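Structure at a glance
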Amino acid sequence: KLQDYGERWHYVFVFPAETEDAKNADYWTSEMPDASGAWDRIFTQQYNTAQMDFLKPMTRREFHNVVREQLVELLSGPICAFRSHEFRSIDGDEQFLLIALDNPEVIKEVAKEEEFPAMLLTSAYKKYNCPTDLAEGGGMFRAKKYGEHIDGTMHTNHYPGYVRFSEHNQNLLAQWNQEELIRLVRRRMNKFVRLQSLISEGVAKQIFCAHHWQDLSTFRNKLGWNDPYYVLQWPTEELPDCIQVYFGPDIAFFFHWFNAYTRWLLLPAALCIPIWLEEQVSVRNGTEEEKWWLYVCFSILLGLWSTAFLSRYKHNKNLKVLKWGMQNYEEAVAEVRRNFKDKYRDTWAEWLQNAFHWMLCALFMLETVLVTFFVSTWRRKALEEPLGTFFGIENTKARLYGKTAVTVNIKIIDYLWTALSTRLSNMENWRTRGELLNKMSEKLFAVKFVVFYYPFLYTILIKPYVSDDSIQVCFEALSGDLKLFFFTQIFVEVLVLFVYVGRAWLKVFLEIRKTKSKSSNKQYTYLEYQAKCAEYSDIDFICDVELQVMNYGFLVLFGVCLPYVCFICFFVNFPFKRMLAYKLSYIYQRPSPFGAEGIGAGEEMITVLSWLGVVFNAYLVIFVSPLCEHMSFGTKMCYFVAAEHCLLVLKVVIDAALGPKSMAQRRIEEHQDRVIERILQENSKTEKTGHLKVRTLSQRSLQSTNIGDATMMTCPSFRGFSCGSF
């Protein structure tokens, strides 16, 4: 049972605290090495803030205290004016600093200083009509209501524009939601403090965004999004709007793609049922050729389905970009990474660094090729000598152990490469977080593509021509290998989730037991529980996205081998989405929200897999099916090239017919281009002085609120508030 006081906080700093332990006392009394250098690495000293002279050596206790005091002064003083509160953890070994940006006047001043974008009110359009995705022509739009967001604002299909906040247009702008305020707080803090340096220098243990229990309860009770028991919730197009309000655009775009993918899976899931019945139930006594004619039809429909799905997804994704104000985010709005060095760009050192990373990619790919060749050779020798052994393993078990070895190799190499590649990518000189994630995804996908798919592609593309096995035997082996891997993949993901749950609750249990042994009556708070949860890092986000991308690849590449996989994927996606939502809400710390224009490089990967799926399915139909077994290899190749080209041309035609933009998007953009400038101009004419005067923040006395054994100190407002200067 956790204690929650209902306070809304945006960021939480967790500092180590001095205790009575002897080893702990030795640490705090030891000398702080390079105190001056550590101070410069932590504080940017912009606008002459955080000036400090280190005239004599300092102990770690003195250094930690002066850094915390300076940090509190920056964050709650006139430079930022955030609301703050400090308290000790239940066992006294951690000091918590909580900050929030909730004063309306401070929000406006910080937004003005940071030139933060804001959404126009629908009422600001007045005679021009606020655009929606239901256009009736002639500048007329039809509005639709979907209920309320978790913050109580109306959820509609309006698409108001976004402009930079200023004194002159603030009367036209809507209030920022909580995820936007978190992004504003982070942007303001980054001007004066290097948050990652606080952790690397040992001053802070953790810095994370705070979950709000009431918002999560609204998600669960009203929307059912993070309720693990509400499994069969239909993935609507509007649900990601509510996710965006709390988690931010990057997480929301991932769930938007996941929802679209699940909805569109209904069609191939339904189409695969007759094929499955033909194979398993024998509804009718058909020949092998008749069964393969079903496969041919299914492969064609799967190729066309992937084309229509991707085109429609991109249309809807572009509408979300407009609705969430993410147009040109990477170029105009995205924050520059702290360790980015412009002088290092386009140098030989940078080129060699990136080349080394790609060289490691090639080595990991080669490992998978060699392991696959080894397993295949072992299987072939086992068939030739069924009574023999291989390193003490009976050859009769070679098929089972071979499949297991391939699956284990995939999991091990995937884990090792993810850990190594992400670390190397973080050391590279990418300008923005979005650019970093895209480059990280490209290298991860390059290796994952070979690691995940090559063992199966080898079985059907190469093995029939380098061994004595017929292509039909290889096809059966491929189906068996895919079954084992597919179900192992699902089991591992569920197991990992339970491991994270158990680890978080074990940490909480141990701290509560330690406190009870000291006869303490303190209650464990929800914020302390969050500090024990794992961080949902960029690496976790990339892995979740790429997991679904790779699953999509299995479907479009091998859907003909195991048609019922479409049916299984469709139904597995429902509980899997619930598990993802549950772990983001209750198992992990709140992800720090970031802007985005989609799922980044994941869209390119999905497109590549869709094109490869068409080529591979054409190969299966021509070379594997009994429909063409009487043909020579040359004739088969001619039919394959013709069929593959026809399907690719058909994909291009469908893609071109649907176009890069939907009609709804074009109408919204045209309307915004026509009216936003007029709205701003007409508003400026109504201002008598040409600008708004910011009200002076009145001096308030310190307000205190008891929270358990701690005292909540609400920082005072400051007269003559001026962001960016003293």
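Higher on the page you've got the structure.
Here's a quick rundown of the structure.

The rules we used
Residues numbered from 1 in each chain as written. Predicted model: local features only at pLDDT ≥ 70, side-chain atom pairs only at ≥ 80, totals over all residues. Heavy atoms only, no water. Helix = DSSP H or I, 4+ residues; strand = E, 2+ residues; numbered from the N terminus. Buried < 20%, exposed > 50% of the residue type's maximum accessible area, 1.4 Å probe, protein only. Contact = heavy atoms within 4.5 Å. Phe/Tyr/Trp six-rings, centres within 6.5 Å; stacked < 30°, edge-to-face > 60°. Lys NZ or Arg CZ within 6 Å of the ring centre and 35° of its normal. Patch = residues over 30% accessible without salt bridge, like charges linked within 9 Å, V, L, I, M, F, W, Y side chains within 5 Å. Areas by Shrake-Rupley, 256 points an atom, 1.4 Å probe, with all protein chains shown as cover. Salt bridge = Lys/Arg side-chain N within 4 Å of Asp/Glu carboxyl O. Core = buried A, V, L, I, M, F, W, Y, C linked by side-chain atoms within 4.5 Å. Axes fitted to C-alpha atoms, helices over the stretch in contact; angles between N-to-C directions. Parallel < 35°, antiparallel > 145°, perpendicular 65-115°, else oblique. Left-handed = near helix turned anticlockwise from the far one by under 90°. Nonpolar A, V, L, I, M, F, W, Y, C, P; charged D, E, K, R; others polar. Expected span 1.5 Å × (residues − 1). Polar contact = N/O pair within 3.5 Å; in protein donor to acceptor, adjacent residues only side chain to side chain. Pairing = 2+ DSSP bridges.

Okay, the overall build of the chain next. Across its full length, the chain holds 22 helices and 14 strands. Looking at the chain residue by residue over its 726 residues, the buried ones come to 54%. A separation of at least 24 residues holds for 80% of the contacts in the chain among residues at least 6 apart in sequence.

With that settled, the discussion passes to the packing of aromatic side chains. Following the criterion strictly, the structure yields 53 aromatic pairs and no others. Relative to Y529, the ring of Y526 has its centre 6.4 Å away and its plane inclined at 15 degrees; by these criteria the two rings are stacked. One end of the pair, Y526, and the other, Y529, are both in helix α17 (residues 526-532), three residues apart, so they sit about a helical turn from each other. In terms of burial, Y526 and Y529 fall into one category: buried. Between the NZ or CZ atom of R186 and the centre of the ring of F594, over which it lies, the distance is 3.9 Å. Positioned over the ring face of F594 is R433, at 3.9 Å from the centre of the ring.

Attention now moves to a nonpolar patch on the surface. Residues L461, I462, Y465, V466, F633, M637 and V641 make up a contiguous nonpolar surface patch of about 590 Å² in total accessible area. Of all the secondary-structure elements, those providing two or more residues to the nonpolar patch are α15 (463-466) and α21 (633-658). Sort the elements by how many residues they give to the nonpolar patch and α21 lands first, with three residues. With respect to the helices, strands and loops of the structure, Y465 is situated in helix α15.

What follows deals with the nonpolar core. Burial of nonpolar side chains together is a common tendency in soluble globular proteins. I460, Y552 and F558 are the most contacted members of the largest nonpolar core, which has 124 residues in total. If we skip the residues at most four places from it in the chain, F558 touches Y453, F456, L457, L478, L482, G553 and F616. Counting 56 residues, the second-largest nonpolar core is a separate cluster that includes F13, F63, L71 and I107.

To continue, consider the packing of helix α2 (residues 35-42) against helix α3 (residues 60-76). Contact geometry for α2 and α3: axes closest at 12 Å, N-to-C directions at 25 degrees. The pairing of α2 with α3 is recorded here as roughly parallel in orientation. Taken as a pair, α2 and α3 cross one another with a handedness that is right-handed. Residues A35, A38, W39 and I42 of α2 touch α3, and the partners they reach there are F63, V66, V67 and Q70. Its residues assigned to classes, the contact of α2 with α3 comprises seven nonpolar, one polar and no charged.

Below, the discussion takes up helix α7 (residues 213-223). It helps to recall that an α-helix has 3.6 residues per turn; residues three or four apart then point in one direction. The set of residues buried in α7 consists of D215, L216, S217, T218 and F219. Considering only its buried residues, α7 is in contact with α8 (239-247), α17 and α19 (564-587). Positive phi shows up at G224, right after α7, with a value of about 70 degrees.

Between its terminal C-alpha atoms helix α5 (residues 178-190) stretches 18 Å, which fits the 18 Å expected from 13 residues at 1.5 Å a residue. With respect to burial, α5 is a largely interior element, 13 of its 13 residues being buried. By the N-cap criterion, in which a side-chain oxygen at the helix start approaches the backbone nitrogen of a residue two or three places on, α5 is capped by N177, the distance to E179 being 3.3 Å.

With that settled, the discussion passes to the side chain of N226. When you line up the elements, N226 lands in the loop between α7 and α8. In this structure N226 comes out as buried when scored by relative accessible area, which is 0%. A distance of 3.4 Å separates a polar side-chain atom of N226 from the backbone oxygen of L216.

Attention shifts here to unusual backbone geometry. The phi torsion at A81 lies on the positive side, around 60 degrees, for a residue other than glycine. Within the secondary structure, A81 sits in the loop between α3 and β2 (83-88). Phi angles above zero are rare outside glycine, and E115 is one such case at about 50 degrees. Position of E115 relative to the elements: it lies in the loop between α4 (104-114) and β4 (117-119).

Across the sheet, which stays open at both edges, the four strands sit in the order β2-β3-β1-β10 with antiparallel pairing between neighbours. In this open sheet, the two edge strands, each paired with only one partner strand, are β2 and β10 (206-209). Ignoring which end each strand starts from, the neighbouring axes of this sheet average 15 degrees apart. Alignment of strand β1 (residues 11-16) against β10, held across four bridges, turns out to be antiparallel. The partner of F13 across the bridge, within β10, is I207. Its contacts with the sheet put α3 on β1, β2 and β3 (94-100), and the angle it makes with β1 is roughly 165 degrees. Against the sheet, α5 contacts β1, β3 and β10, and its axis sits at roughly 50 degrees relative to β1.

Below, the discussion takes up the pattern of salt bridges. Counted under the stated rule, the structure contains 26 salt bridges. Residues K205 and E94 are paired through a salt bridge, measuring 2.9 Å at the closest nitrogen-oxygen approach. Within this pair, whereas K205 is found in the loop between α6 (195-200) and β10, its partner E94 is found in strand β3, the two being separated by 111 residues in sequence. Note on K205: relative accessible area 40%, which makes it partly exposed. Residue D250 pairs with R433 through a salt bridge whose shortest N-O separation is 3.4 Å. Here D250, found in helix α9 (residues 249-280), pairs with R433, found in helix α14 (residues 433-461); they are 183 residues apart in sequence, far enough to count as distant. Judged on exposure class, the residue D250 and its partner R433 are both buried. Salt bridges linked by common partners bring E7, R83 and D102 together as one network.

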